[in-house]
Amino acid sequence: MDIVWQLRQQSAHTDAPESKLARFILDNLHVSAQATMEELATQAGVSPEVLRRFAASAGCRDLDDFLHQVRKAGQHQEEVFIDVIRQRQPSLTQQENRVAVAILNDTAFAASATIEQLAGRAEVSAATITRFARSVGCEDIRDLRMRLARASSVPSARTTQAIPQLEAIQQALAQQWSQADNATWERAARALQKARSVLLIGATGQTTPLVAEVHQRLSTAGLSLAWIQDDNLLRMTLSRLQPDDLLLILAPDAVSSSVLSAVHHAHIQKSAVIAICPTGLDLANQADIWLPLPDAQHARSYGILCALDRLETALALF
């Protein structure tokens, strides 16, 4: 039985007291899930008789069955709250996303931490914590802590059957996402759109199919893109490099001397360089625009696809 669906249906077709009760439960499901029959009737401002009548009209066997269904729905809502945080990460600011990552990494700590402690863990200001709470649908930090406490106490399939490898990849991608805000990706997209030509330099070996995916999808997006796979061809192409050309370098693991030489030559010619690489590579500091890949090596392939998706989204804005 989907009690939430039943509540919505009943709120539209019952008399005023029952409609009032349905709206109260839907608006306060996490509170209703903890209440007794008497408490629920009092909080909703209706009589116990209205509650009994409502339970019967909702298709429940008795009041105990009704309260059981409400408790299940309330627990599910708190599990979903963690998913809400994950789903809203793409729309959060860079600072708010730091808070999201800190909470997802240690929900139990976040549920009991003061605003100053959580701000310290996420390396943001206390004001950012308040903004984050509102961004994920909470009234304030107290409401956020309460919902996190309920979520961390609910035994769920996500918790008991978690796959460590997938959890590690999710955390790596969340870290990647937080390292560059939307403005950085939009600046890269604008530079790519304005370039006379884009020279794509990518790693070889196992990563080659992913470089091919970058080439195909960015070409489809309308960029004038040339994929340089040979050092001799790279040297010939660099000899004709102009200030309105652009180097796009995909380096998930290491950077060869020929790539570093290409970056140096581009700087001399005043051509822009965009690097998609982990923060640990010197290339990240040498590029005009750095787009991050995960620090965790096992997540780099997923990170390339994530970076490509985000870059395509930014290109669609121009």
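Rules behind the numbers
- Residues numbered from 1 in each chain as written.
- Predicted model: local features only at pLDDT ≥ 70, side-chain atom pairs only at ≥ 80, totals over all residues.
- Heavy atoms only, no water.
- Buried < 20%, exposed > 50% of the residue type's maximum accessible area, 1.4 Å probe, protein only.
- Helix = DSSP H or I, 4+ residues; strand = E, 2+ residues; numbered from the N terminus.
- Arc of directions from axis to C-beta.
- Core = buried A, V, L, I, M, F, W, Y, C linked by side-chain atoms within 4.5 Å.
- Contact = heavy atoms within 4.5 Å.
- Pairing = 2+ DSSP bridges.
- Axes fitted to C-alpha atoms, helices over the stretch in contact; angles between N-to-C directions.

Looking at helix α10 (residues 126-135)
Side chains that are three or four residues apart share a direction in an α-helix, a result of its 3.6 residues per turn.
Okay, so step 1: Considered for burial, the residues of α10 that qualify are T128, I129, F132 and A133. In a view along the axis of α10, the buried residues occupy a sector of 140°, so they form one face of it.
Okay, so step 2: Once α10 finishes, G137 follows within two positions and takes phi at roughly 90°, a positive value.

A closer look at the nonpolar core
Okay, so step 1: Core analysis: the biggest nonpolar cluster contains 29 residues, and L192, L218, L248, I274, L291 and L311 have the highest contact counts within it.
Okay, so step 2: If we skip the residues at most four places from it in the chain, I274 touches A188, A191, L192, L246, L247, L248, I249, I289 and L291.
Okay, so step 3: The next biggest cluster of nonpolar side chains, apart from the first, holds 26 residues, and it includes V99, A110, A119 and L148.

Observations regarding the environment of N285
Okay, so step 1: Following the sequence through the fold, N285 ends up in helix α18 (residues 283-286).
Okay, so step 2: Residues N285 and A275, spaced 10 residues apart in sequence, show a C-alpha to C-alpha distance of 9.2 Å.

Quick notes on the sheet that holds strand β2 (residues 225-228)
Okay, so step 1: Across the sheet, which stays open at both edges, the 5 strands sit in the order β2-β1-β3-β4-β5 with parallel pairing between neighbours. Lying at the two open borders of the sheet, with one neighbouring strand each, are β2 and β5 (289-292). The mean inter-strand angle of the sheet, taken between neighbouring strand axes irrespective of direction, is 20°.
Okay, so step 2: Sheet analysis places strand β1 (residues 197-202) next to β2, joined by 4 bridges and oriented parallel. Within β2, the residue paired with L200 across the bridge is W227.
Okay, so step 3: Packing against the sheet, helix α16 (residues 231-238) makes contact with β1, β2 and β3 (245-250), and its axis sits at approximately 135° to β2.
Okay, so step 4: On the sheet, helix α17 (residues 257-268) packs against β1, β3 and β4 (272-277) and is oriented at approximately 155° with respect to β3.

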